[in-house]
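Next come the chains, spelled out residue by residue.
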Amino acid sequence: MGERKDIEPDAPVGVVGAGTMGAGVAQCFAQAGHPVVVVDPDAAAREDGAARLRAGLRLSSLLRGRRPDGGGAAADPLELVRFTDELTALGDAAFVVECAREQVPVKEKVLRGLDEACGAGTVFASCTSAIPVERLGSFTGRPDRVIGTHFMNPAPLKDAVEVVRSPLTSEDTLALTLGFLARIGKKPIVVGDGPGFVTNRVLMLTVNEAAAVLQQGTADAETVDRVFQECFGHPMGPLRTGDLIGLDTIVDTLDVLREHTGDERFRPCALLAGLVAEGSVGRKAGRGFHTYPQSPLATRGENSHG
Ligand SMILES: NC(=O)c1ccc[n+]([C@@H]2O[C@H](COP(=O)([O-])OP(=O)(O)OC[C@H]3O[C@@H](n4cnc5c(N)ncnc54)[C@H](O)[C@@H]3O)[C@@H](O)[C@H]2O)c1
């Protein structure tokens, strides 16, 4: 298949990974009218992701003052999304966003599988938090069609997307991605490639240092977050931000940053590593630096970074 000029408004698209980000990105695509296939090998993750997507669509239609089915004016976004464990279901997707766990071997497996399953024109976008996009492209036979689309969390509520262009990403792929994101209502910000890009090279150190401050007893978790909110005007402090992202994802991302930079500042502090080891991985577990009530919207629906 040749180069595409555009992602047509009703073109089928794909999402790999039904977790925190995958369900949110799928919601964005369905709300824009695209049929979406979401692939995740884990049945529980598919079920949980589908429940959050349904809850997100209901909330969105309430906020927009519309019926969840779009009032009959357009296709029901819920009916546009299908969950499966088969990458081959993405065979005719024009654009696929990979939202699998932040570990290089996991991303490598996904990208090699996508390369086999999809047509030559399909763009592979990664929601990676920190892995250089050029490295991800090397797992495919089409590094020119690979780009970073670092959506923020929660994806349906955050317009900005950090778009990462590797040295091998083609002009066509960049133009196609920017056009597609703009049409679904996102505001792309293009940056160069490198571990953690702009966002997470800075944010991950901040979360890790905030955890170290807590560990040393300089202030409790509420106070650390209040300082950032009230002194700096941040909408959310670094510890609640870490809880929202998921402390397992924070540790995975710090590991990627340390591996790719050799910089020991990215080693997760003992408190952060300990919370992950005991399963206190943040909002999705009901506890992390803070504790949270459990519900699909409460766990993943608060406005923050990503
Ligand atoms: N959580 C955030 O705030 C945030 C923000 C921006 C980007 N990201 C990035 O987005 C990606 C996903 O993060 P998340 O927070 O949604 O993680 P998550 O742990 O909530 O979800 C990851 C999903 O990947 C699935 N998975 C594992 N192996 C797979 C495979 N081989 N094929 C398909 N799916 C597979 C898991 O079953 C799980 O459902 C990561 O790269 C992360 O760094 C996360």
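- In the annotation of an unreviewed UniProt entry, the entry for the protein chain reads 3-hydroxybutyryl-CoA dehydrogenase, and the organism field reads Streptomyces daqingensis.
- As its UniProt record puts it under Sequence similarities (unreviewed entry), the protein chain is described as follows: "Belongs to the 3-hydroxyacyl-CoA dehydrogenase family."
- Taken verbatim from the UniProt record of the protein chain, the Pathway (unreviewed entry) comment is "Lipid metabolism; butanoate metabolism."

1. What to know about unusual backbone geometry
Then, in step 1: Put simply, N153 and P154 share a cis peptide bond, and its omega is 0°.
Then, in step 2: As for its position among the elements, P154 is in the loop between β6 (146-151) and β7 (160-165).
Then, in step 3: One non-glycine residue, F197, lies in positive phi territory at about 55°.
Then, in step 4: By the element assignment, F197 lies in the loop between β8 (187-192) and α6 (199-215).
Then, in step 5: With a relative accessible area of 9%, F197 lands in the buried category.

2. Some thoughts on the pairing of strand β5 (residues 123-126)
Then, in step 1: Of the two faces of β5, the one carrying V123 and A125 and the one carrying F124 and S126 are both buried.
Then, in step 2: Sheet analysis places strand β4 (residues 95-98) next to β5, joined by four bridges and oriented parallel. Paired with F95 across the bridge in β5 is V123.
Then, in step 3: Read from β4 through helix α3 (residues 104-117) to β5, the crossover connection turns out right-handed.
Then, in step 4: Relative to β6, β5 is paired through three bridges, and the arrangement is parallel. Bridge pairing in β6 links A125 to I147.

3. Things to note about the site of the ligand
Then, in step 1: Surrounding the ligand, one finds 28 residues, the nearest of these being M21, D40, E102, K107 and S129.
Then, in step 2: Measuring from an oxygen atom of the ligand, one finds a backbone N or O atom of R101 at 3.5 Å.
Then, in step 3: Separating a nitrogen atom of the ligand from a backbone N or O atom of I245 is a distance of 2.8 Å.
Then, in step 4: Within the complex, the protein chains bury 88% of what would otherwise be the 830 Å² of accessible surface of the ligand.
Then, in step 5: Of all the elements in the fold, those that place two or more residues in the shell around the ligand are α1 (20-31), α3 and β6.
Then, in step 6: No other element matches α3, which puts three residues into the shell around the ligand.
Then, in step 7: Residues that form the shell around the ligand fall into these classes: 13 nonpolar, nine polar and six charged.

4. A few points about the nonpolar core
Then, in step 1: The biggest cluster of nonpolar side chains holds 45 residues, and the ones touching the most others in it are L90, V96, L114, I250, L272 and F289.
Then, in step 2: The leading source of residues in this core is α6, at eight residues.
Then, in step 3: Counting the residues that make up this core, at least three belong to each of domain 1 (13-192) and domain 2 (201-285).
Then, in step 4: The residues contacting F289, other than those within four sequence positions of it, are A211, L214, A221, L239, D243, L247, L271, L272 and L275.
Then, in step 5: Core analysis: the next-biggest nonpolar cluster, separate from the first, contains 34 residues, V15, V38, L57 and F151 among them.

5. Some thoughts on the packing of α6 against helix α9 (residues 247-261)
Then, in step 1: Contact pair α6 / α9: the axes reach a minimum separation of 10 Å and the direction vectors enclose 120°. Here α6 is positioned oblique relative to α9, judged by the angle of their axes. Classified by chirality, the crossing of α9 by α6 is left-handed. Touching N200, M204, V207 and N208 of α6 are I250, T253, L254 and L257, all from α9.
Then, in step 2: In terms of residue class, the contact of α6 with α9 is built from five nonpolar, three polar and no charged.

What counts and how
Residues numbered from 1 in each chain as written. Predicted model: local features only at pLDDT ≥ 70, side-chain atom pairs only at ≥ 80, totals over all residues. Heavy atoms only, no water. UniProt positions renumbered as here; feature names shortened; annotations may be inferred. Helix = DSSP H or I, 4+ residues; strand = E, 2+ residues; numbered from the N terminus. Buried < 20%, exposed > 50% of the residue type's maximum accessible area, 1.4 Å probe, protein only. Pairing = 2+ DSSP bridges. Right-handed = clockwise from strand over helix to strand, strands pointing away. Near = heavy atom within 4 Å. Polar contact = N/O pair within 3.5 Å; in protein donor to acceptor, adjacent residues only side chain to side chain. Areas by Shrake-Rupley, 256 points an atom, 1.4 Å probe, with all protein chains shown as cover. Nonpolar A, V, L, I, M, F, W, Y, C, P; charged D, E, K, R; others polar. Core = buried A, V, L, I, M, F, W, Y, C linked by side-chain atoms within 4.5 Å. Domains from an automatic or database assignment. Contact = heavy atoms within 4.5 Å. Axes fitted to C-alpha atoms, helices over the stretch in contact; angles between N-to-C directions. Parallel < 35°, antiparallel > 145°, perpendicular 65-115°, else oblique. Left-handed = near helix turned anticlockwise from the far one by under 90°.

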